[in-house]
Amino acid sequence: MALTLAEFNTAPAEQALQWLDGLYEHSPWIVERVLPQRPFQSLAQLKHALTQVVSQSGRDAQLGLIRAHPELAGKAMVSKSLTAESTNEQGKAGLTDCTPEEFARIQQLNADYNARFGFPFILAVRGPRGLGLNRHEIIETFERRLHNHPDFELAECLRNIHRIAEIRLNDKFGVEPVQGNLVWDWQEKLAQHSDPGFAELGQLTVTYLTDAHRACAQRIAHWMREAGFDEVGIDAVGNVVGRYHPATAGARYLMTGSHYDTVRNGGKYDGRLGIFVPMACVQQLKAQGRRLPFGLEVVGFAEEEGQRYKATFLGSGALIGDFKPEWLDQQDADGITMREAMQHAGLCIDDIPKLQRDPAAYLGFIEVHIEQGPVLNEKDLPLGVVTSINGSVRYLGEVIGTASHAGTTPMDRRRDAATAVAELALYVEKRAAQDGDSVGTIGQLQVPNGSINVVPGRCKFSLDLRAPNDAQRDALARDVLAELAALCERRGLRYTLEETMRAAAAPSAPALQQRWEAAVSALGLPVFRMPSGAGHDAMKLHEVMPQAMLFVRGLNSGISHNPLESSTNEDMQLAVDAFAHVLNHFTAV
């Protein structure tokens, strides 16, 4: 019979310790130190408390914990001296059935890893879904992590140890993240659709109105109908819209959702998580036969990334009346205009103006999104409450000097355009860091017709500056542009600079942000507030109605716009639970 939290909270310390024996490999001290914190409000609170014990234990204790774990497919497995928990986990991952070649490769990786780091490689082999990674995934992860910085890799081992403990704890308490698994499975199935040229390579790319994009729309619409939405449709720009009616006709709606298009060779969760989390909540409401005092409108936005056409936020923009007719004449790389793509997809262009929503009919907009950064991962927190979506400004520039012979031009006579941009990049790094939450990036640095033996006479560059509010962004931009002018003057260079994009910051509406905070707190988790450095559909809706976002932790240091983008079924379950709490405790803004 599964253990209950009430039993754990009230049991004598010796009994509670015995129940959680084996949670952390040969390390009962972690549970011992957490017992005085009882009673725990939730299993999530207990899990977080365990991570904090390890975090505060010091490096020697952390190394001891890591070294208490066996190598993957190592001597302990061969000699059958693994703990029961490790035997089960390595068996589920198929490590007990390695081919001779796989076994030899893992043994070599174990040796190389120990030589580099001085502790064994730790991986939660049951994976982010809990079903087990395959041997190819394990070996691939092993090879990739072998190149990490030692400090980062130690932290990554601890994070994997916590994931192992989380799964073991779920087993002991008989907990299954049912909705988290559903959300996970929806995302995996949707990721089967990818554009030609990428699908063949096993890469995920879904750009606006391609066959893969339209297949995604049909699948989302089908799952919405299955989940119990009252109305489901694909609108004139390709947004998938599902509406769950309120208990009383004429009541306002709460809007939510995110985008289902992707960057090229991107991840499975960016955007899509924000569609499927509320869908899982609607499925629960329908199964319970419940209606809310307000309606829920879930939108799978057709386009946010601006990959096929330069029309970022096309899907959400259309809902606020910001679809620009000139976009229709844009051509993609194959010369197909957006108008032609829309006509081929069977969309009615004349209906686009009708998509504009009346803000008075809505309570606001909320969005769940994977964090796309390392902060939550490093803090061992599954959820974060967004305080503001950063304002940003972008430029394209060029520094012009004089191309000259690399061997005959003395160092003090050079007019080197590339070193000027390099100096600017270092200044941007230093200046942005002064603000804490500001960021600055020179992502493109190109020397046209550059040669190995020529001092660069020209250097083209991009500049991306972001901050949580517009005043902070503008102060950063003023300083960076002044530095560009000063260093060019000092070096005898000239420059051109064109502003290509300016987006206002989108602070979260206090009332909506507080609802997310209450939901996170109700789960027994600490409320962690953070800005969003990336743009989101919520940014567009912010122009006409209140908005607030919830971030979900990503694995692999929170990497996004990358195939390694990932999250766990457990964190997705917490996102569903938080969303359901907001719905169940919502009153008019």
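A quick note: this is a predicted structure, and the numbers were derived from the prediction, not measured. (Residues numbered from 1 in each chain as written. Predicted model: local features only at pLDDT ≥ 70, side-chain atom pairs only at ≥ 80, totals over all residues. Heavy atoms only, no water.)

1. Notes on the environment of Ala-165
Moving on, step 1. By the element assignment, Ala-165 lies in helix H10 (residues 150–173).
Moving on, step 2. For Ala-165, a relative accessible area of 3% puts it in the buried group.
Moving on, step 3. Between the C-alpha atoms of Ala-165 and Ala-345, which are 180 residues apart in sequence, the distance is 48 Å.
Moving on, step 4. Ignoring anything within four residues of it in the chain, the contact list for Ala-165 reads Leu-23 and Tyr-24. (Helix = DSSP H or I, 4+ residues; strand = E, 2+ residues; numbered from the N terminus. Buried < 20%, exposed > 50% of the residue type's maximum accessible area, 1.4 Å probe, protein only. Contact = heavy atoms within 4.5 Å.)

2. Quick look at the packing of aromatic side chains
Moving on, step 1. Under the counting rule described, the total for this entry stands at 16 aromatic pairs.
Moving on, step 2. Pairing Trp-223 with Phe-276 gives two aromatic rings, centres 5.9 Å apart and planes at 65 degrees, and the pair type is edge-to-face. Taken as a pair, Trp-223 in helix H12 (residues 211–227) and Phe-276 in helix H13 (residues 273–288) lie far apart in primary sequence, 53 residues in all. Accessibility classification places Trp-223 together with Phe-276 in one group, the buried group. (Phe/Tyr/Trp six-rings, centres within 6.5 Å; stacked < 30°, edge-to-face > 60°.)

3. Examining the environment of Ile-366
Moving on, step 1. Considering the arrangement of structural elements, one finds Ile-366 in strand S5 (residues 362–370).
Moving on, step 2. The sequence separation of Ile-366 and Ser-508 amounts to 142 residues, and the corresponding C-alpha distance is 9.6 Å.
Moving on, step 3. Ignoring any residue separated from it by four or fewer positions in sequence, one finds Ile-366 in contact with Leu-254, Met-255, Thr-256, Gly-257, Leu-512, Trp-516, Ala-548, Phe-579 and Val-582.

4. What to know about unusual backbone geometry
Moving on, step 1. Residue Pro-39 follows Arg-38 across a cis peptide bond; omega there is 5 degrees.
Moving on, step 2. Structurally, the position occupied by Pro-39 is in the loop between helix H3 (29–34) and helix H4 (43–55).
Moving on, step 3. The backbone phi angle of Phe-313 is positive, close to 65 degrees, even though this residue is not glycine.
Moving on, step 4. With respect to the helices and strands, Phe-313 occurs in the loop between strand S4 (295–301) and helix H14 (314–319).

5. Focus: the packing of helix H11 (residues 178–190) against H12
Moving on, step 1. For the pair H11 and H12, the least separation of the axes is 10 Å and the interaxial angle reads 155 degrees. Classified by the interaxial angle, the pair formed by H11 and H12 is roughly antiparallel. Our pair here, H11 against H12, has a crossing hand that is right-handed. Contacts between H11 and H12 involve Trp-186, Lys-189 and Leu-190 on the former and, on the latter, Cys-216, Arg-219, Ile-220 and Trp-223.
Moving on, step 2. A per-class count over the contact of H11 with H12 returns five nonpolar, no polar and two charged. (Axes fitted to C-alpha atoms, helices over the stretch in contact; angles between N-to-C directions. Parallel < 35°, antiparallel > 145°, perpendicular 65-115°, else oblique. Left-handed = near helix turned anticlockwise from the far one by under 90°. Nonpolar A, V, L, I, M, F, W, Y, C, P; charged D, E, K, R; others polar.)

6. Some details on the packing of H4 against H10
Moving on, step 1. One way to put it is that H4 packs onto H10 with a least axis distance of 11 Å and a crossing angle of 145 degrees. The handedness of the crossing between H4 and H10 is right-handed. Side by side, H4 and H10 meet where Leu-43, Leu-46, Lys-47, Leu-50, Thr-51 and Val-54 of the first sit next to Leu-158, His-162, Glu-166, Leu-169, Asn-170 and Phe-173 of the second.
Moving on, step 2. Taken together, the residues of the contact of H4 with H10 break down into seven nonpolar, three polar and two charged.

7. Let's talk about the nonpolar core
Moving on, step 1. One finds Tyr-208, Phe-323, Met-338, Met-342, Leu-383 and Trp-516 to be the most contacted residues of the largest nonpolar core, which totals 103 residues.
Moving on, step 2. Ile-106, Ile-139, Phe-142 and Leu-169 belong to the second largest nonpolar core, which has 50 residues in total. (Core = buried A, V, L, I, M, F, W, Y, C linked by side-chain atoms within 4.5 Å.)

8. Side note on the environment of Arg-494
Moving on, step 1. You can see Arg-494 is positioned in strand S13 (residues 494–503).
Moving on, step 2. Assessed through its relative accessible area of 52%, Arg-494 is described here as exposed.
Moving on, step 3. Along the backbone, Arg-494 and Gln-444 are 50 residues apart, and their C-alpha atoms lie at a distance of 19 Å.
Moving on, step 4. Setting aside chain neighbours within four positions, we find Arg-494 in contact with Glu-398, Val-399 and Ile-400.

9. Points about helix H19 (residues 510–522)
Given 3.6 residues per turn, any residue in an α-helix points the same way as the ones three and four places further on.
Moving on, step 1. Compared with an ideal rise of 1.5 Å per residue, which puts 13 residues at 18 Å, H19 spans 18 Å between its outermost C-alpha atoms and is within 8% of the ideal.
Moving on, step 2. Within H19, burial applies to Leu-512, Gln-513, Arg-515, Trp-516, Glu-517, Ala-519 and Val-520. (Expected span 1.5 Å × (residues − 1).)

10. With respect to the pattern of salt bridges
Moving on, step 1. All told, the structure shown has 37 salt bridges when counted by the stated rule.
Moving on, step 2. Across the pair Arg-168 and Glu-25 runs a salt bridge, and its minimum N-O distance is 3.1 Å. Of the two residues, Arg-168 is situated in helix H10 and Glu-25 in the loop between helix H2 (13–19) and H3; the sequence distance between them amounts to 143 residues. Considered together, Arg-168 and Glu-25 belong to a single accessibility category, that of buried residues.
Moving on, step 3. Put simply, Lys-47 and Glu-570 hold a salt bridge, and the shortest N to O gap is 2.9 Å. Here Lys-47 is found in helix H4, whereas its partner Glu-570 is found in helix H21 (residues 569–584), with 523 residues between them in sequence.
Moving on, step 4. In this structure Glu-570 comes out as buried when scored by relative accessible area, which is 9%. (Salt bridge = Lys/Arg side-chain N within 4 Å of Asp/Glu carboxyl O.)

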